[in-house]
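Coordinate analysis (summary)
Each chain, letter by letter, is given below.
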Amino acid sequence: MGSRQIEFIIAEDPPKRLDKAVSRDVPAEATLSRTRLARLIEAGSLSVDGAVVQDAKARVAEGAVISITVEEAEDSHIGPEDIALDVIFEDDDLIVINKPSGMVVHPAPGTPSGTLVNALLHHCGDNLSGVGGVKRPGIVHRIDKETSGLLVVAKSDAAHQGLAQQFEKHTVERYYRAICYGVPDANDPRLRGVKGTSFEPGNILKLTTQLARHKHDRQRQAVLFQGGRHAVTRARIVEPFGNPPVAALIECWLETGRTHQIRVHMTHAGHGLVGDPTYGGKRKLAAKSLTPAAIAAVQNFPRQALHAAVLGFVHPVTGEDLRFEAPLPEDMASLILTLSQPVVKA
């Protein structure tokens, strides 16, 4: 396996720790993340003035000559699979995919194959320059298996670092479309009494809570108000369904991105998503509000009705503003069409 050598000099007034000083001064074109640098130090691939140093906390002085040996990216242990992908955008650094429902993003013990990563390894082939020293796609965010929609994946270390920073700073634009039970309206006194809910101008529902793993079910998230991780979701009504309304198409956007955030927040507000087997449940809908076909379509919808419709970010290498939209998948579009059918009153 080949390698490349990176040399540079520690600038004035360096941080006290070696890892922090190196992270600050390493040339940008080296595209080495803080995590990667920490691993290289631990592996003995970094020297200071000719001497190998493996202690990340070691002190380093201004003017010290740093040399780092970086091995060429090795092949991933995950196997490539020839799985069709809906590619929205692609260049040398990143790829944007419209993921179908039913596809897991990353292999796990329960789903070792058939994932988006398996498909990307086949699709990208030798065009992966290496993320973290391995020829693999850089996953910077995920959407649930049964959620459809847009994902951006890094193909290079530089893109991986840049995208990860944008997600960490919550500057990525993400809008979702969902179909929920009920109508989350500011005029609903019940909703105004739910802890963590408020309304902003334009009838925008704001949900502010903490989220953490459920104490008794590790596959679920739970709403907390102490502990956990801060989570903020906003939602607005796009179209109500029924007469009187008993369901709605909503648009949701994230200030933070936590596991199951939209699903658990909307359930907390009393407006669980149609088809959600974990949080939404099945609700009895008033027979006079919808057609029999619409009620059946809601009851039989096989997944959470959630779609990542808009994704916007700054290209981490070129600096270009990018924004992508993915139309609703056929199953959600069909459900909306059925829900929109008027009820014929006797």
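Refer to the structure presented above.
Everything in this summary refers to the structure shown in the same document. Computed from a prediction, not measured in an experiment: that's the story for all the values here.

1. Details of the layout of surface pockets
Computed from the structure, the largest pocket encloses a volume of approximately 1200 Å³. Of all the secondary-structure elements, those providing two or more residues to the lining of the largest pocket are α4 (157-168), β11 (173-181), β13 (204-213) and α6 (261-268). Looking at the lining of the largest pocket, its residues break down into 15 nonpolar, 13 polar and 11 charged.

2. With respect to the packing of helix α7 (residues 292-300) against helix α8 (residues 330-339)
α8 packs onto α7 with a crossing angle of 150° between their chain directions and a minimal axis gap of 8 Å. The angle between the axes of α7 and α8 places the two elements in the roughly antiparallel class. Crossing of α7 over α8 shows left-handed handedness. Note on element contacts: α8 touches α7 through Leu335, Thr338 and Leu339, opposite Ala293, Ala294, Ala297 and Val298. The residue inventory of the contact of α7 with α8, partitioned by class, reads six nonpolar, one polar and no charged.

3. Brief notes about the nonpolar core
Counting 37 residues, the largest nonpolar core has Leu116, Tyr176, Ile262 and Met266 as its most contacted members. The element contributing the most residues to this core is helix α3 (residues 116-124), with five residues. Membership of the second largest hydrophobic core comes to 21 residues, among which are Ala21, Val22, Ala58 and Ala64.

4. What about the pairing of strand β16 (residues 245-254)?
Moving residue by residue along a regular strand, the side chains alternate between the two faces of the sheet. Here β16 lies mainly inside the structure; nine of its 10 residues are buried. In the sheet, strand β15 (residues 229-242) pairs with β16 via nine bridges, with the strands oriented antiparallel. Bridging from a neighbouring strand, Ala235 pairs with Cys252 of β16. Turn length for the β15-β16 hairpin, with the two strands adjacent in sequence and antiparallel, is two residues.

5. So, the sheet that holds strand β1 (residues 3-9)
With antiparallel pairing, the four strands of this open sheet are ordered in space as β1-β4-β2-β3. Each end of this open sheet is capped by a strand with a single partner; those strands are β1 and β3 (51-52). Here three bridges tie strand β2 (residues 46-48) to strand β4 (residues 65-71), and the two strands are oriented antiparallel to one another. Looking at β4, one finds that Ser47 is bridged to Ser67.

6. Regarding the side chain of Gln261
In this fold, Gln261 is placed in helix α6. Residue classification places Gln261 among the buried positions, given a relative accessible area of 2%. At 3.0 Å, the side chain of Gln261 and the backbone nitrogen of Arg258 are in polar contact. Setting aside residues up to four positions removed in sequence, Gln261 forms contacts with Leu211, Ala231, Val232, Thr233, Leu254 and Thr256.

7. Some remarks on the environment of Leu337
By the element assignment, Leu337 lies in helix α8. Taking C-alpha positions, Leu337 is 8.9 Å from Ala294, a pair spaced 43 residues apart along the chain.

8. Regarding unusual backbone geometry
Cis peptide bonds are those with omega within 30 degrees of zero, and the linkage from Asn243 to Pro244 qualifies with 0°. Here Pro244 shows up in the loop between β15 and β16. The phi dihedral of Asp49 is positive, around 55°, even though this residue is not glycine. Along the polypeptide, Asp49 turns up in the loop between β2 and β3.

9. Remarks on the pattern of salt bridges
For the coordinates displayed, the defined rule picks out 13 salt bridges. Residues Asp25 and Arg24 are paired through a salt bridge, measuring 2.7 Å at the closest nitrogen-oxygen approach. Exposure remark for Asp25: the relative accessible area of 17% places this residue in the buried category. The residue Arg236 makes a salt bridge to Glu251 at a minimum N-O spacing of 2.9 Å. Of this pair, Arg236 sits in strand β15 while Glu251 sits in strand β16, and the two are 15 residues apart along the sequence. Residue classification places Glu251 among the buried positions, given a relative accessible area of 12%.

Cut-offs used in this document
Residues numbered from 1 in each chain as written. Predicted model: local features only at pLDDT ≥ 70, side-chain atom pairs only at ≥ 80, totals over all residues. Heavy atoms only, no water. 1 Å grid on protein atoms, 1.4 Å probe; cavity = no way out; pocket = protein on both sides within 12 Å on 5 of 7 lines; lining within 4 Å. Points joined across faces, edges and corners; volume = space filled by probe spheres on them. Helix = DSSP H or I, 4+ residues; strand = E, 2+ residues; numbered from the N terminus. Nonpolar A, V, L, I, M, F, W, Y, C, P; charged D, E, K, R; others polar. Axes fitted to C-alpha atoms, helices over the stretch in contact; angles between N-to-C directions. Parallel < 35°, antiparallel > 145°, perpendicular 65-115°, else oblique. Left-handed = near helix turned anticlockwise from the far one by under 90°. Contact = heavy atoms within 4.5 Å. Core = buried A, V, L, I, M, F, W, Y, C linked by side-chain atoms within 4.5 Å. Buried < 20%, exposed > 50% of the residue type's maximum accessible area, 1.4 Å probe, protein only. Pairing = 2+ DSSP bridges. Polar contact = N/O pair within 3.5 Å; in protein donor to acceptor, adjacent residues only side chain to side chain. Salt bridge = Lys/Arg side-chain N within 4 Å of Asp/Glu carboxyl O.

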